[in-house]
Amino acid sequence: MSVDLGDRSYDVHVGAGVRARLSTVVPAGARRAAVITQPNVGWDVDSGLDQCVLEVPDGEGAKSLAEVERLCREMSEVGFTRSDVIVAVGGGVVTDLAGFVAAVYHRGMRYISVATTLLAQVDAAIGGKTGVNLPQGKNLVGAFWQPHAVLCDTETLATLPSREMRSGQGELAKYHFLTGDDLDALDLVERIAAAVRIKADVVAADEREGGRRAILNYGHTLAHAIETAGRYDLRHGEAVAVGLVYAAEVAMRLERIGADRVAAHRRVVTGYGLSDRLPTVLDDDEELLALFGRDKKAIDGLTLVLDSDRGVEPVVGVPESVLREALAAVR
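Reference entry: report on the structure contained in this document.

Parameters at a glance
- Residues numbered from 1 in each chain as written.
- Predicted model: local features only at pLDDT ≥ 70, side-chain atom pairs only at ≥ 80, totals over all residues.
- Heavy atoms only, no water.
- Core = buried A, V, L, I, M, F, W, Y, C linked by side-chain atoms within 4.5 Å.
- Buried < 20%, exposed > 50% of the residue type's maximum accessible area, 1.4 Å probe, protein only.
- Helix = DSSP H or I, 4+ residues; strand = E, 2+ residues; numbered from the N terminus.
- Contact = heavy atoms within 4.5 Å.
- Salt bridge = Lys/Arg side-chain N within 4 Å of Asp/Glu carboxyl O.
- Expected span 1.5 Å × (residues − 1).
- Phe/Tyr/Trp six-rings, centres within 6.5 Å; stacked < 30°, edge-to-face > 60°.
- Pairing = 2+ DSSP bridges.
- Axes fitted to C-alpha atoms, helices over the stretch in contact; angles between N-to-C directions.

## Brief notes about the nonpolar core
Core analysis: the largest hydrophobic core is formed by 72 residues, its most contacted members being Leu222, Tyr246, Val250 and Leu323. Ranked by residues supplied to this core, first place goes to helix α8 (residues 236-253) with 11 residues. Setting aside anything within four residues of it in sequence, one finds leucine 323 in contact with Tyr246, Val250, Leu289, Phe292, Leu302, Leu304 and Val318. Grouped together as the second largest cluster of nonpolar side chains are 22 residues, Cys72, Ala88, Ala102 and Tyr111 included.

What follows is the structure, given as structure tokens:
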């Protein structure tokens, strides 16, 4: 399937073993490939080019400006030019970081994502959102920079640790509420393909999040606050799962949805084996609410993405009292 962006359109390949197609999707004219990955990924790729493997540390801490500088320095020392290609092999951390390096090195070079985690396959690898974290919040520095191609190899999911798999399922849970499709009726590979189609359609309609693309952040306002306040002890998808239920609780208090729809959110989240409650250590409402204000969607006041009978949409100006009541409901 394709992400339709005119002359910047690209294909997303989903299926077992599709990483073997890498050499067939390498951009014309590339002489070398900088393969950015992590030590624990464990999947080799063959670009068909002269390759240089650059490893980054495990964990969310790798998404830093210091790591961007280190990678750019190493690529410069080896002699990479903008005509070459970056190949990101790994999960969301690698995709976000390598994509941002591609956006800024020599003012932009091509990159390919070989997504090896469920989280990357249904979310991070697609759509061109790249970036790194600051101590003040997640993904606060970044760029929209579309990949040249994406390979979602479902074969790699068989080796994922159970917690990493659950993290991806948290993002997958989000798609149950972004479409009228019955994702419960699909097997995992079909659900991944459905999520990719949904995201591709949204990105094609709103590449730079001027409107509709904000729906892809459903559940993320609280999720990013959880990650920052908890020093990333909770995985992204685990945080999104709680954020989805929180958003439903907020929407119910605004009379946008009923209690049955909130129950559906809890059913989907717990059905993936994820918690629908905040970690007990995050007991400071003031810290979480302060982090809401640093969210990237907060352009003109606090903005949450909320459900309704019209579907999921951004909402500005949610009363603080409602935010606090909903926090109590997910404790």
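Right, picking up where we left off after that structure.
## What about the pattern of salt bridges?
This model, assessed by the stated rule, comprises 32 salt bridges. Glutamate 60 is the partner of lysine 63 in a salt bridge, and the nearest nitrogen-oxygen pair spans 3.4 Å. Residue class for lysine 63 comes out buried when judged on its relative accessible area of 3%. Judged by relative accessible area, which is 17%, glutamate 60 ranks as buried.

## Regarding helix α6 (residues 188-205)
Over its 18 residues, α6 extends 26 Å from the first C-alpha to the last, a length consistent with the 26 Å expected when each residue adds 1.5 Å. For α6, the full list of buried residues reads Arg191, Ile192, Ala193, Ala194, Ala195, Val196, Ile198, Lys199, Ala200, Val202 and Val203.

## Regarding the environment of leucine 71
Tracing the sequence through the fold places leucine 71 in helix α2 (residues 65-78). The buried category is assigned to leucine 71, whose relative accessible area is 0%. Separated by 15 residues in the primary sequence, leucine 71 and valine 56 place their C-alpha atoms 8.5 Å from one another. Here leucine 71 is in contact with Ile36, Leu54, Val56, Leu97 and Val101, once residues within four sequence places are set aside.

## Brief notes about the packing of aromatic side chains
Using the criterion set out here, one finds two aromatic pairs in the structure. Plain terms: the ring middles of phenylalanine 177 and tyrosine 218 are 6.5 Å apart, the flat faces sit at 70 degrees to each other, and that makes the pair edge-to-face. Of the two residues, phenylalanine 177 sits in the loop between α5 (162-175) and α6 while tyrosine 218 sits in the loop between α6 and α7 (220-229), which places them 41 residues apart along the sequence. Residues phenylalanine 177 and tyrosine 218 agree in their burial class; the two are buried. On the numbers, 5.9 Å between centres and 55 degrees between planes, the contact of tyrosine 246 with phenylalanine 292 is tilted. Separated by 46 residues along the polypeptide, tyrosine 246 in helix α8 and phenylalanine 292 in helix α10 (residues 285-292) bring together distant segments of the chain.

## Regarding unusual backbone geometry
Even without being glycine, glutamate 209 reaches a positive phi, approximately 60 degrees. Non-glycine residue arginine 231 carries a positive phi angle of around 55 degrees. Counting through the fold element by element, arginine 231 comes out in the loop between α7 and α8. Taking relative accessible area as the criterion, arginine 231 reaches 61% and is therefore assigned exposed.

## Brief notes about the sheet that holds strand β6 (residues 110-115)
As summarised here, the arrangement of the seven strands in space is β1-β2-β9-β6-β5-β3-β4, forming an open sheet in which the pairing is mixed. Pairing within the sheet leaves two strands with one partner each, and these edge strands are β1 (2-3) and β4 (50-55). Looking at chain direction, β6 and strand β9 (residues 149-153) are connected through four bridges and run parallel. Its bridge partner lying in β9, valine 114 is registered against leucine 151. Taken strand by strand, α2 contacts β3 (32-37), β4 and β5 (85-90), and its axis lies near 155 degrees from that of β4.

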